[in-house]
Amino acid sequence: AQTVTQSQPEMSVQEAETVTLSCTYDTSENNYYLFWYKQPPSRQMILVIRQEAYKQQNATENRFSVNFQKAAKSFSLKISDSQLGDTAMYFCAFMTHSGAGSYQLTFGKGTKLSVIP
Amino acid sequence: NAGVTQTPKFQVLKTGQSMTLQCAQDMNHEYMSWYRQDPGMGLRLIHYSVGAGITDQGEVPNGYNVSRSTTEDFPLRLLSAAPSQTSVYFCASSRQGRATFGSGTRLTVV
């Protein structure tokens, strides 16, 4: 079974600054996907960024980038130039690529990020 | 362009009542799932389906039933609601490593 650990229940950052959210995971799989989801107060689950495990290059999406360390099973999210709209819960998630439970997600417990004006 | 549609958005049940949470997707995805979200727990997998006629249990299946008679629909049934089932429920469909979520159902059991 896979596990995902987010060790920071809450974080805060000043507007326009950079913040990094941590995530570690445990799996015996070799092919998988990793995600960061954003959940604002509207509770909608919004995909922030996606990483395929076989790709060594770190994924980036505008102000969002990841540091994917496969050997260390680490997948941190960096938010640059933080904006007030980034205030939300952030969930790290793991998706298997094959076998029983394929394409189902295992989530961490989340990090509540507050961007301070 | 609907994606994943969940109904209802809010529901209050009395202990012992039954109800069905509806989930429909129009993307022809084979994989569909139900998750529940509780404070401090993240989202946990209740049941999932890898195609019409095939379902399996996730991490927290007790008290819930599912069926998958068509590719599009994946309803979640609570047979006898309990206060422990107060939660926010999400349906998702997946294909090739991409998941799309519904907008969620906030269920309160009193």
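Throughout this description, residue numbers start from 1 for each chain and increase along the sequence as written. Labels are handed out in written order, letters beginning with A for the chains and numbers beginning with 1 for the ligands. Restriction of local features to residues with pLDDT of at least 70 applies here, the model being predicted, together with a cutoff of 80 or more for giving and counting side-chain atom pairs; totals for whole chains, interfaces and linings are based on all residues. Each side-chain value is worked out from all heavy atoms of the structure, with water and hydrogens disregarded.

Re the overall build of chain B
Regarding its fold elements, chain B presents 0 helices and 11 strands. A radius of gyration in this sense is built from C-alpha atoms; the matching globule rule multiplies 2.2 Å by the number of residues raised to 0.38. Relative to the compact-globule value of 13 Å for 110 residues, chain B shows a C-alpha radius of gyration of 13 Å, a close match. Once the C-alpha set of chain B is aligned to its principal axes, its extents read approximately 40 × 25 × 25 Å. Across the 110 residues in chain B, those meeting the buried criterion constitute 48%. Approximately 5,100 Å² of chain B is accessible, and the part contributed by carbon and sulfur atoms is 48%. With 9 positive and 7 negative side-chain charges, chain B shows a separation of 8 Å between the mean positions of the two kinds. By the criteria applied, helices consist of DSSP H or I runs no shorter than four residues and strands consist of E runs no shorter than two, each listed in order from the N terminus. Only protein chains enter the calculation, and the probe is 1.4 Å; a residue is then buried if its accessible area is under 20% of its type maximum, exposed if over 50%, and partly exposed in between. Per-residue and other accessible areas follow the Shrake-Rupley method at a 1.4 Å probe size, with only the shown protein chains counted as cover for residues. Think of it this way: Lys and Arg go in the positive column, Asp and Glu in the negative one, and His and the chain ends go nowhere. Throughout, a charge is located at the NZ atom of Lys, the CZ atom of Arg, the CG atom of Asp or the CD atom of Glu.

Some remarks on the interface of chain B and chain A
Whether two residues touch is decided by their heavy atoms; if any such pair falls within 4.5 Å, the residues are in contact. Contacts between the two partners involve 27 residues from chain B, matched on the other side by 19 residues from chain A. By convention, the term buried area covers the 1.4 Å-probe accessible surface removed from two parts as they join, with the contributions of both added. Summing both partners gives a buried area of about 1,900 Å² for chain B against chain A, and 53% of it is carried by carbon and sulfur. Sorting the residues of chain B by area buried against chain A places B:Leu43, B:Gly97 and B:Phe101 first, and these three jointly supply 27% of that buried surface. In what follows, salt bridge is the name for a side-chain nitrogen of Lys or Arg lying within 4 Å of a carboxyl oxygen of Asp or Glu. In this structure, the connection of chain B to chain A is made through 0 salt bridges.

Describing the side chain of B:Arg68
Residues and elements named next belong to chain B. With respect to the helices and strands, the residue arginine 68 is situated in the loop between strand 7 (64-66) and strand 8 (76-78). Put simply, arginine 68 is tucked away with no salt bridge, and the nearest opposite charge, on glutamate 72, sits 7.4 Å away. Polar contacts involving the side chain of arginine 68 include one to the main-chain carbonyl oxygen of glutamate 30, which spans 2.8 Å. Nitrogen and oxygen atoms within 3.5 Å of one another constitute a polar contact, given that in protein one can donate a hydrogen and the other can accept it, and given that sequence-neighbouring residues count only through two side-chain atoms. Of note is the side chain of arginine 68, whose polar atom sits 2.8 Å from the backbone oxygen of threonine 71. The residues touching arginine 68, leaving out its near neighbours within four places in the chain, are Gln25, His29, Glu30, Met32, Ser49, Val50, Gly51, Ala52, Gly53, Thr55, Asp73 and Phe74.

Here we look at the pairing of strand 4 (residues 31-38) of chain B
Residues in a regular strand point their side chains to alternate faces of the sheet. Residues and elements named next belong to chain B. For strand 4, a buried count of 8 out of 8 residues is recorded, marking the element as mostly surrounded by other parts of the structure. Side chains Tyr31, Ser33, Tyr35 and Gln37 project from strand 4 onto one buried face, and the interleaved Met32, Trp34, Arg36 and Asp38 project onto a second face that is buried too. By the convention used here, strands pair only if DSSP detects at least 2 bridges between them. One ladder, built from 7 bridges, connects strand 4 with strand 9 (residues 87-95); its direction is antiparallel. In the strand pairing of strand 9, tryptophan 34 is matched with cysteine 91. Here strand 4 folds back onto strand 5 (residues 42-51) in antiparallel fashion, the turn holding 3 residues, of which glycine 40 has a positive phi close to 75 degrees.

Examining the pattern of salt bridges
Pairing is possible between side chains that carry opposite charge, provided their charged atoms lie close to one another. Applying the stated criterion across every chain, the model contains 6 salt bridges over all chains. Among the salt bridges present, the one from A:Arg63 reaches A:Asp86, with a minimum N-O distance of 2.8 Å. Note that A:Arg63 is positioned in the loop between strand 7 (60-61) and strand 8 (64-69) and A:Asp86 in the loop between strand 9 (74-79) and strand 10 (88-96), a separation of 23 residues in sequence. Taken as a pair, A:Arg63 and A:Asp86 share a single burial class, namely buried. Between B:Arg44 and B:Asp38 there is a salt bridge; the shortest N-O distance is 2.8 Å. The same class applies to B:Arg44 as to B:Asp38, namely buried. Through salt bridges that share partners, A:Arg50, A:Glu52 and A:Lys55 make up one connected network.

What about the environment of B:Tyr31?
Residue placement: B:Tyr31 occurs in strand 4. Residue classification places B:Tyr31 among the buried residues on the basis of a relative accessible area of 17%. When the C-alpha atoms of B:Tyr31 and B:Thr108 are compared, they prove to be 27 Å apart, with 77 residues separating the residues in sequence. Other than its neighbours up to four places away in sequence, B:Tyr31 contacts A:Ser102, A:Tyr103, A:Gln104, B:Ser49, B:Val50, B:Ala92, B:Ser93 and B:Ser94.

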